[in-house]
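The chain contents come next:
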Amino acid sequence: MVIGSDNAAFPFATTTTSPRFCNPIISHRRIFSDVAEDVTVSVDGQSFLLHKFPLVSRCGRVRKMLVDSKDPDLLKLELVNVPGGAFAFELAAKFCYGSNFEITTANVAHLRCIAEYLEMTEDYQVENLIFRTETYLNEIVLKNLDKSLEVLCKCDGLDPIVEEVGLVDRCVDAIAMNASKEQLVSGLAHLECNVGSGKLHTHPQDWWIEDLSALRIDHYRRVIAAMRRNGVRPESIGTSITHYAQISLKGVERRHVWDSGPFVGDDQRMIVETLIDLLATENITTVTLSFLFGMLRMAIEVDASLDCRIEVEKRIGLQLEMASLDDLLIPSTQTSDSMFDVDTVHRILVNFLQRIDEDDSGELSPCGYDSDGMKSPSHSSILKVGRLMDGYLAEIAPDPYLKLQKFMALIELLPDYARIVDDGLYRAIDIYLKAHPSLTESECKKLCKLIDCQKLSGDASSHAAQNDRLPIQMVVRVLYFEQLRLKTSFSGGCGGDGGVSQRFMCSSSGVPSSCVSPQRDNYASLRRENRELKLEISRMRVRLTELEREQGLMKQQGIRGGDGRHGEVNGRAFLASLSRGFGRITMFGGPEKGRRKKSSRSSQGSEAKNNRRRQHKASFAYD
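So, a few notes on the structure that sits alongside this text. (Residues numbered from 1 in each chain as written. Predicted model: local features only at pLDDT ≥ 70, side-chain atom pairs only at ≥ 80, totals over all residues. Heavy atoms only, no water.)

## Considering the nonpolar core
Link 1 in the chain: If you look at the biggest cluster of nonpolar residues, it comprises 149 residues, and the most contacted ones within it are Tyr220, Met227, Leu275, Leu320, Tyr392 and Phe407.
Link 2 in the chain: With residues up to four places along the chain from it excluded, the contact list for Phe407 reads Leu393, Ile396, Ala397, Leu402, Ala428, Ile429, Tyr432 and Leu447. (Core = buried A, V, L, I, M, F, W, Y, C linked by side-chain atoms within 4.5 Å. Buried < 20%, exposed > 50% of the residue type's maximum accessible area, 1.4 Å probe, protein only. Contact = heavy atoms within 4.5 Å.)

## What to know about the packing of aromatic side chains
Link 1 in the chain: Applying the stated criterion across every chain yields a total of four aromatic pairs.
Link 2 in the chain: Note on Tyr480 and Phe481: the rings are 5.4 Å apart at their centroids and 70° apart in plane angle, and the pair reads as edge-to-face.
Link 3 in the chain: Taking relative accessible area as the criterion, Tyr480 reaches 38% and is therefore assigned partly exposed.
Link 4 in the chain: A cation over an aromatic ring shows up here: Arg61 above the ring of Tyr117, its NZ or CZ 4.0 Å from the ring centre. (Phe/Tyr/Trp six-rings, centres within 6.5 Å; stacked < 30°, edge-to-face > 60°. Lys NZ or Arg CZ within 6 Å of the ring centre and 35° of its normal.)

## Regarding the packing of helix α13 (residues 289-301) against helix α14 (residues 306-317)
Link 1 in the chain: The contact between α13 and α14 brings their axes to 10 Å, and the two run at 155°. In terms of their interaxial angle, α13 and α14 are classed as roughly antiparallel. Judged by the sense of rotation from one axis to the other, the crossing of α13 with α14 is left-handed. In contact with Leu289, Leu292, Phe293, Leu296, Ala299 and Ile300 of α13, α14 contributes Arg309, Val312, Glu313, Arg315 and Ile316.
Link 2 in the chain: Partitioned by chemical class, the residues of the contact of α13 with α14 number eight nonpolar, no polar and three charged. (Axes fitted to C-alpha atoms, helices over the stretch in contact; angles between N-to-C directions. Helix = DSSP H or I, 4+ residues; strand = E, 2+ residues; numbered from the N terminus. Parallel < 35°, antiparallel > 145°, perpendicular 65-115°, else oblique. Left-handed = near helix turned anticlockwise from the far one by under 90°. Nonpolar A, V, L, I, M, F, W, Y, C, P; charged D, E, K, R; others polar.)

## Considering the side chain of Arg112
Link 1 in the chain: Tracing the sequence through the fold places Arg112 in helix α4 (residues 108-117).
Link 2 in the chain: Discounting residues that sit within four places of it in the chain, Arg112 has contacts with Ile130, Thr133, Glu134, Leu137 and Val165.

## Comments concerning the environment of Val62
Link 1 in the chain: Tracing the sequence through the fold places Val62 in helix α2 (residues 60-69).
Link 2 in the chain: A relative accessible area of 4% places Val62 in the buried class.
Link 3 in the chain: Through-space distance from the C-alpha of Val62 to that of Leu79 is 9.2 Å; in sequence the pair is 17 residues apart.
Link 4 in the chain: Not counting residues up to four positions away in its chain, the partners in contact with Val62 are Leu55, Val56 and Leu77.

## With respect to the environment of Gly424
Link 1 in the chain: Following the sequence through the fold, Gly424 ends up in helix α19 (residues 423-435).
Link 2 in the chain: Distance from Gly424 to Tyr392, taken between C-alpha atoms, is 9.9 Å for residues 32 residues apart in sequence.

Dropping the structure here:
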């Protein structure tokens, strides 16, 4: 017996050439035709015309079948559940006849299993087929990662004998051990030392990552577990899991909300659940966030178990601040629900907030800030998530099937300090109000109460003051805080303690709020005051233009009579009523004197009153 060291061939005879027997099996296969056959062996519908003596001399099972039959003239044997089928049996029969062929990585698994099935042990012949295949496995296959991987792939369809002989376990351990050795050798071979910085750099070459994708999922799971036990880098394992998912799940199409979607078999569901379970049991944390979102979408698509979905959602929640808006736009698979899976995003946000609470562990103040204010890592993360959620709310708001309860639940879940400015939240709510005109007045009030009017910018306040979709109570609050802010700015109170406490320590409901830390107020307040001063200058120009326009109108009305002026007064009755409430805090609320000559005492009083109303109306014209 000669064992080739350079290739995967293991010849039975020492000949110069060792032909492979890869011809298709016909219905009646003759191994030798020079002597008349005396037995026919049927394997999976294929009949082999053979001789009894070569078979019984090496195969214990065939010998027992002939002995048990008690018929010396038995002409036909039928073998059932043959591992490897007719292909493997033909190779075993050739071995019994002494025919020359090679053991290779492509057929060694079949030969080992058929040898076990036919009981081709040393009890019947020295160096029988079991001995030959075991020698090839131990001396050639299990010492090489590539060959072990190829043999493991060939184990498909050989159950349960392949497990009984321990071939799968030996290949799995060999792959893991060789991968660990190759990684160590590769790391040492490519180790570089940067003389300037003294830093070490490694350049790993994990070529086996792509090859593992050829394994079936149960074998792949055992290989990954063995690699973890042998110390293979988590980064390499994470990359391997990502690649395996991309290859094995690329055929699963996305199901739309308006149809039932394609049929998804149990194989895809098993792959998804196994890969997610691997991430948990092997504690793999090196996969990317985009991969986690992809696995979550796939788990929803194939209807994976609830535990798998919860595991992925928890992992996403640990790094939600790194997500993008497209990641969160998960389509819903329910035809009667909204277009997007809002419930899943809600659970992810809950996991994120739980992580923030665990990170804080009581070290932060009740409002969520530590002694360094904006330098808190947890606060920086929650601000990013706040902006992300505002964008998500604006994206899902136009959905006509989105229920108000789910929309409000997402808004209420984030704490108040997650938003420094409520412009994004106001935009999302305004879009929702526009897309859902059937909301009742009470529902609109509940929704708009979630906006802190005091945290709106000047542009957002100007838009809100003229927004017909908003409840009148919110418009009043917006106007009140805008006037209060203007008065504070021009009275010089913006730099004092009173101005800061009024502007930043009061919420939209009138309850003092500690959502802003004094340590970070100075820079933010100066920027806001600068914007407000620029805005007020533009407003003053608008007011001046409006007053000049009104003066021209009054001149025309003086010619036509008093009816037109009476209609104008009635058209501004609402804002005139507001002026009486804001008169004490409005800077520009005094009447103009000497504007025109008065013809009588009564006309002088009426015209002065109208001028005050017009002037106060102009103080609310923000555009």
